[in-house]
Amino acid sequence: MDRTHHAPGLSLRDLASRCGAELSGDGDVMIDRVATLDGAGPGAIAFLSNPRYRAQLARTHASAVIVSMRDAAATPLPKLVAQNPYATYARVAAIFHPAESTQAGIHPTAVVGASARIAPSATLGAYVVVGEGTTIGERARIHAGSVIGDGCQISEDVVLHPRVVIYARSSIGARTVLHSGAVIGADGFGMADEQGRWVKVPQIGRVVIGADVEIGANTTIDRGAIDDTIIEDDVKLDNQIQIGHNCRIGAHTAIAGCVGIAGSAQIGRNCQIGGAAMITGHLHIADGTIISAATGVFDSIETAGVYTSAFPALPHREWRHVASVMRRLRTFAERIRALERRLGRE
Amino acid sequence: MDRTHHAPGLSLRDLASRCGAELSGDGDVMIDRVATLDGAGPGAIAFLSNPRYRAQLARTHASAVIVSMRDAAATPLPKLVAQNPYATYARVAAIFHPAESTQAGIHPTAVVGASARIAPSATLGAYVVVGEGTTIGERARIHAGSVIGDGCQISEDVVLHPRVVIYARSSIGARTVLHSGAVIGADGFGMADEQGRWVKVPQIGRVVIGADVEIGANTTIDRGAIDDTIIEDDVKLDNQIQIGHNCRIGAHTAIAGCVGIAGSAQIGRNCQIGGAAMITGHLHIADGTIISAATGVFDSIETAGVYTSAFPALPHREWRHVASVMRRLRTFAERIRALERRLGRE
Amino acid sequence: MDRTHHAPGLSLRDLASRCGAELSGDGDVMIDRVATLDGAGPGAIAFLSNPRYRAQLARTHASAVIVSMRDAAATPLPKLVAQNPYATYARVAAIFHPAESTQAGIHPTAVVGASARIAPSATLGAYVVVGEGTTIGERARIHAGSVIGDGCQISEDVVLHPRVVIYARSSIGARTVLHSGAVIGADGFGMADEQGRWVKVPQIGRVVIGADVEIGANTTIDRGAIDDTIIEDDVKLDNQIQIGHNCRIGAHTAIAGCVGIAGSAQIGRNCQIGGAAMITGHLHIADGTIISAATGVFDSIETAGVYTSAFPALPHREWRHVASVMRRLRTFAERIRALERRLGRE
């Protein structure tokens, strides 16, 4: 559950070879932790990825830094030079902060269906509940209070943080991580309007989540109405996201917090969707598309690119003027046209 | 918790009579499941509701279909002809996928207040906690990990999916369903500003939820400040919705995911509120109003109709132009007026 | 968990002295509960804070009222006259509805790490899980099903409502209240893009929450990437809020429901952020700023004031016209300029 720092020091040379980065400078300097450029002290390694922070490179007290080739000349410090300093930092940080290991085995308070199959190397924490016919793979870690329904497949190395709920017949791929409060497989929002009263439409599809997915806290993914809701491999979902029934999210797509995607939306591969964006249903979005934060998407997007619709905040008085003029925009069009016609006649 | 398919086949004639739909064609054909038009094979029944998918009717391999009177002539297949094909489909699907039955009784790990009264036919799952003075009605199903506070009334046939929390003195009507992560009765957002510090205002009202309501995953409904927060019968709430203290949601209203409704909003009956809409407090919305997705409602709506305020996404470059011109709109008004005055003088 | 009314009656004089308010009129009248102006009967005390409701003062059946000096003359009833009637009401309501007391001690089903230190006066409810090295302070109340990770500091008088999750190494200050479903310390949304695949960036910072904070249901606050995410004293967070990694929220700031704040945003002290607002990351907002509901903030705000960007709902037909004209705004600018040049020449 936590990445407690406990690795002893490593030489910069060691780090370089373990991360596939190029060493430049003194490879014997000992590193025992990561830090920010401004927060680093002796023994720490920091990174520069965003040129906005380059000034921090000159004043850092880090023992070593991770930089791009462009920034390598800007510092005399021992360094790892990388194509992608942020990714290299990620690997270095993972060395000093390995994911917590847990003790394999089933906590005495876990309630497990008689027909469930739990791999011997898996960990089930306190008060975990697992349904009938569910399989849990090797080294999976199901933390306290999580509830997994009947007929689920939880693959190897999956991590459920405390208090995740997985409804029946859901499938979670290898190494996928779900944060607390996530709910997978609740009923899609389906009901038929019968003369002013609602008739519930049973949601009989499943949720199928690929490998290497990460799903944030309190994010919800609904089961399909008949067909399944599908999250492809290496998708990254932040917190508080809602994915409606029968959506498909393409591989490697990243979605920031608070996004809502309505049912049957097909999001392409390698898309990036900014926080609080809203995507209606029954549309598709091309691979590689970038949706800006707080943007509303109401039609399919056929051409990858950046799409935006959010107005930035203005001082309130100014905004009131803008908003009041908005309603008269159509008359502007007409009045400009009338002026042009009159001038045209003269 | 799950709608596992297990009903044996039924004849189309049987289905017609059980659903009150008109049979057309071979009533002896055997149906054992529902499917989509494109996904159906022999033995499946599919439906056509949205004319957009009519082409699928011609190519489906379903053994029978559910169609409207208008589409009946478009297919030679055995069929159920219905006023409302989607509602008929809902009933057929519920026959093949009945709501899971659970074993009545209280799980040995459930912690139940001594003064609570649990109907004999109710089901309390593993690690459920029920407070003092709470009543739980016949055939109610409270799934694993749910927590119900003191003094609550949970009516017959209510379903709480795993890990729902109901705060004290809440009332839930018959057959209402709450999905995982829902929180009913947390304190409304009430505090008094006393010279820059906040004083908490106790929230002493309740939450009263009617019959046949469905509440989505991770949806939150706050208790009232003094009076109650009220959700009327047959209201349908999707996931991730926030309902503030002292709201009243009128009967049969449906609200899609991620909507936020601030305190003391009165929403009429039979309204439909689109996903990610935002409704401020202390206003009322007429019966039968439709609010589009991502729309902001900041004033009362007296006249039913469709209301919208969300701008659709544009290619980013184009949007930057629009946004930059927005701030100058007021000057447009003045400049057009000036031109009109000058031309008027000539 | 609940504020059940159980205090016997008090005289208005008693209430005045306990709340530091000025008594005007009969101090012997007995009060046994609070109520709304319209809902009050004999024995109740009500308050008027919003002038919009002044008419209710004349017709109330309350035995006494709490009013401002400006409204004191408008009613002959026994009254408490206060600078801030709403804050005085808060204190009176707290007298009649004290926070529920719980029985100190650790429920037999609580699972507590051997190295955790729980104050004797603290309460741990059913199925609570507490990790190694965590400290829980005097009179803290941890309700059913909450999970607290390793190495956390939970200060005195903290309240966790049922089913809160606190990840490892989080720190919660005195008297802070967290509502159900809140998740503190999940991983920030950090990953590095390495040729179309994501590499997870370990999130090794913490969440540090001050004293007297209130956090709403299903609100999520992410741990920092390296440095911490910080919520200062007396901050009030409503439900369904997302706070990204490395944000700092200044003291006394209040944030309404459904707000999303992206990583590394620095929000000043005494700010107010309206419901469903969206604030991007890596910016700062001046002390005392007010952000309207549903507003997008994409740049730093240096000057306190009110900032808005949300368009109100229009009848749909009208909105379609506005939206269609929006795309042509740039041409308006050009056409107006052309007209002005032509007229200029004449």
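The text that follows walks through the structure, step by step, so that each part is easy to find. All values reported here derive from a predicted model rather than from experimental measurement. (Residues numbered from 1 in each chain as written. Chains lettered and ligands numbered in written order. Predicted model: local features only at pLDDT ≥ 70, side-chain atom pairs only at ≥ 80, totals over all residues. Heavy atoms only, no water.)

**A closer look at the overall build of chain A**
Okay, so step 1: Summing up its helical and strand segments, chain A has 6 helices and 40 strands in all.
Okay, so step 2: Principal-axis analysis of the C-alpha atoms gives chain A an extent of 85 × 65 × 35 Å.
Okay, so step 3: In chain A, which comprises 346 residues, the proportion classed as buried is 62%.
Okay, so step 4: In chain A, the proportion of contacts linking residues at least 24 apart, taken out of those at least 6 apart, comes to 19%.
Okay, so step 5: When the accessible area of chain A is evaluated, it comes to approximately 12,500 Å², of which 51% is carbon and sulfur surface.
Okay, so step 6: Of the side chains in chain A, 33 bear a positive and 33 a negative charge, and the two mean positions are spaced by 9 Å. (Helix = DSSP H or I, 4+ residues; strand = E, 2+ residues; numbered from the N terminus. Buried < 20%, exposed > 50% of the residue type's maximum accessible area, 1.4 Å probe, protein only. Contact = heavy atoms within 4.5 Å. Areas by Shrake-Rupley, 256 points an atom, 1.4 Å probe, with all protein chains shown as cover. Lys, Arg positive; Asp, Glu negative; His and termini not counted. Charge placed at Lys NZ, Arg CZ, Asp CG, Glu CD.)

**Points about the interface of chain C and chain B**
Many structure descriptions define interface size as the accessible area lost when the parts assemble.
Okay, so step 1: Contacts between the two partners involve 73 residues from chain C, matched on the other side by 78 residues from chain B.
Okay, so step 2: Together, the buried faces of chain C and chain B total about 6,200 Å²; carbon and sulfur atoms form 64% of this surface.
Okay, so step 3: Among the residues of chain C in contact with chain B, Y127, R163 and L343 of chain C are the three that bury the most area, contributing 11% of the side total.
Okay, so step 4: Connecting chain C to chain B are 6 salt bridges.
Okay, so step 5: Across the salt bridge formed by R91 of chain C and E194 of chain B, the nearest N and O atoms sit 2.2 Å from each other.
Okay, so step 6: Where chain C touches chain B, the interface holds 29 residue pairs in polar contact (both at pLDDT 80 or more).
Okay, so step 7: Elements supplying a minimum of two residues to the side of chain C that touches chain B: α4 (85-96), β28 (236-237), β31 (254-255), β40 (314-315), α5 (316-326) and α6 (329-345) of chain C.
Okay, so step 8: For the side of chain C that touches chain B, the residue count by class is 40 nonpolar, 17 polar and 16 charged. (Buried area = accessible area lost by both parts, 1.4 Å probe. Salt bridge = Lys/Arg side-chain N within 4 Å of Asp/Glu carboxyl O. Polar contact = N/O pair within 3.5 Å; in protein donor to acceptor, adjacent residues only side chain to side chain. Nonpolar A, V, L, I, M, F, W, Y, C, P; charged D, E, K, R; others polar.)

**Regarding the sheet that holds strand β4 (residues 33-34) of chain B**
Residue and element names in this part refer to chain B.
Okay, so step 1: A sheet is described by the order of its strands in space; here 5 strands give the open sequence β2-β7-β6-β5-β4, paired in mixed fashion. Here the strands that pair on one side only, and so sit at the sheet edges, are β2 (22-24) and β4.
Okay, so step 2: Where β2 meets strand β7 (residues 79-81), 3 bridges bridge the pair, whose relative direction is antiparallel. From the neighbouring strand, S24 faces β7, where its bridge partner is K79.
Okay, so step 3: Lying over the sheet, helix α1 (residues 12-19) contacts β2, β5 (44-47), β6 (64-67) and β7, oriented at roughly 20° with respect to β7. (Pairing = 2+ DSSP bridges. Axes fitted to C-alpha atoms, helices over the stretch in contact; angles between N-to-C directions.)

**Overview of the packing of aromatic side chains**
Okay, so step 1: A complete count under the given rule lists 18 aromatic pairs over all chains for this structure.
Okay, so step 2: Both rings, one in F47 of chain C and one in Y86 of chain C, keep their centres 5.6 Å apart while their planes meet at 25°; by these two values the pair is stacked. Here F47 of chain C is found in strand β5 (residues 44-47), whereas its partner Y86 of chain C is found in helix α4, with 39 residues between them in sequence.
Okay, so step 3: Connected via pairs of aromatic rings, a cluster forms that spans F311 and W319 of chain A, F311 and W319 of chain B together with F311 and W319 of chain C. (Phe/Tyr/Trp six-rings, centres within 6.5 Å; stacked < 30°, edge-to-face > 60°.)

**What about the interface of chain A and chain C?**
Okay, so step 1: Taken together, the contact between chain A and chain C spans 73 residues of the former and 77 residues of the latter.
Okay, so step 2: Taken together, both faces of the contact between chain A and chain C bury some 6,200 Å²; the carbon and sulfur share is 64%.
Okay, so step 3: Along the contact surface separating chain A from chain C lie 5 salt bridges.
Okay, so step 4: The residue K200 of chain C makes a salt bridge to E214 of chain A at a minimum N-O spacing of 2.6 Å.
Okay, so step 5: Joining chain A to chain C, the criterion identifies 29 residue pairs in polar contact (both at pLDDT 80 or more).
Okay, so step 6: Looking at the side of chain A that touches chain C, the elements that each hand over two or more residues are α4 (85-96), β28 (236-237), β31 (254-255), β40 (314-315), α5 (316-326) and α6 (329-345) of chain A.
Okay, so step 7: At 10 residues, α6 of chain A tops the list of elements feeding residues into the side of chain A that touches chain C.
Okay, so step 8: Looking at the side of chain A that touches chain C residue by residue, the classes come out as 40 nonpolar, 17 polar and 16 charged.
Okay, so step 9: Direction of pairing for β40 of chain A relative to strand β39 (residues 306-308) of chain C: antiparallel, over a ladder of 2 bridges. Across the sheet, P315 of chain A pairs through a bridge with Y307 of chain C, a residue of β39 of chain C.

**A look at the environment of N239 of chain A**
Okay, so step 1: Mapped onto the fold, N239 of chain A is located in the loop between β28 and β29 (242-243).
Okay, so step 2: In this structure N239 of chain A comes out as buried when scored by relative accessible area, which is 1%.
Okay, so step 3: For the pair formed by N239 of chain A and I31 of chain A, sequence separation is 208 residues and the distance between their alpha carbons is 33 Å.
Okay, so step 4: In this structure the side chain of N239 of chain A is engaged in a polar contact, spanning 2.9 Å, whose partner is the backbone nitrogen of A217 of chain A.
Okay, so step 5: At 2.8 Å, the side chain of N239 of chain A forms a polar contact with the side chain of Q242 of chain C.

**Section: the sheet that holds strand β33 (residues 266-267) of chain B**
Residues and elements named next belong to chain B.
Okay, so step 1: Spatial strand order, β10-β13-β16-β19-β24-β27-β30-β33-β36: 9 strands in an open sheet with parallel pairing. Whereas interior strands pair on both sides, the edge strands pair on one side only; in this sheet they are β10 (117-118) and β36 (284-285).
Okay, so step 2: By the bridge criterion, 2 bridges tie β10 to strand β13 (residues 135-136) in an arrangement that is parallel. Counterpart to I118 in the pairing with β13 is I136.

**Section: the relation of the copies chain C and chain B**
Okay, so step 1: Of the two same-sequence chains, chain C is brought onto chain B (RMSD 0.0 Å, axial shift 0.0 Å) by a rotation of 120°. Here the copies are linked by what is in effect a three-fold axis. (Least-squares fit on C-alpha atoms with pLDDT ≥ 70 in both.)

**With respect to α1 of chain B**
Residues and elements named next belong to chain B.
Okay, so step 1: Of the residues making up α1, those classed as buried are L12, L15, A16 and C19. Seen end-on, α1 carries its buried residues on one side only, within an arc spanning 100°. Turned more than 90 degrees away from the buried face of α1 sit S17 and R18, all of them exposed.
Okay, so step 2: G20 occupies a position one or two residues after α1 and carries a positive phi of about 65°. (Arc of directions from axis to C-beta.)

**As for the packing of helix α1 (residues 12-19) of chain C against α4 of chain C**
For any two helices packed against each other, the geometry comes down to the angle between their axes and how far apart the axes lie.
Residue and element names in this part refer to chain C.
Okay, so step 1: Two elements in contact, α1 and α4, have axes separated by 10 Å at closest approach and are oriented at 115°. Both α1 and α4 take part in a crossing whose hand is right-handed. In this structure, α1 contributes L15, R18 and C19 to the contact, and α4 contributes T88, R91, V92, I95 and F96.
Okay, so step 2: Class assignment for the residues of the contact of α1 with α4 results in 5 nonpolar, 1 polar and 2 charged. (Left-handed = near helix turned anticlockwise from the far one by under 90°.)

**Let's talk about empty space enclosed by the protein**
Okay, so step 1: The tally for this structure, following the rule as stated, stands at 5 cavities of 30 Å³ or more.
Okay, so step 2: Volume-wise, the largest cavity comes out at about 770 Å³.
Okay, so step 3: Around the largest cavity, the lining is made up of 38 residues, and of these A276 of chain A, A276 and A294 of chain B together with A276 and A294 of chain C lie nearest the centre.
Okay, so step 4: In the lining of the largest cavity, the residues fall into 23 nonpolar, 15 polar and no charged.
Okay, so step 5: Approximately 190 Å³ is the volume attributed to the second largest cavity.
Okay, so step 6: Taken together, the residues of the lining of the second largest cavity break down into 13 nonpolar, 3 polar and 3 charged. (1 Å grid on protein atoms, 1.4 Å probe; cavity = no way out; pocket = protein on both sides within 12 Å on 5 of 7 lines; lining within 4 Å. Points joined across faces, edges and corners; volume = space filled by probe spheres on them.)

**Some points on the pattern of salt bridges**
Okay, so step 1: Under the criterion given, the structure shown has 49 salt bridges over all chains.
Okay, so step 2: Close ionic contact of D228 of chain B with R206 of chain B constitutes a salt bridge, the shortest N to O distance being 2.8 Å. Remark: R206 of chain B occurs in the loop between β23 (197-200) and β24 (207-209) and D228 of chain B occurs in the loop between β26 (220-222) and β27 (229-231); sequence separation between them is 22 residues.
Okay, so step 3: Several salt bridges converge on common partners, so that one network encompasses R197 of chain B together with R175, D212, D234 and K236 of chain C.

Bear in mind that shape data such as this cannot, by itself, settle questions of function.
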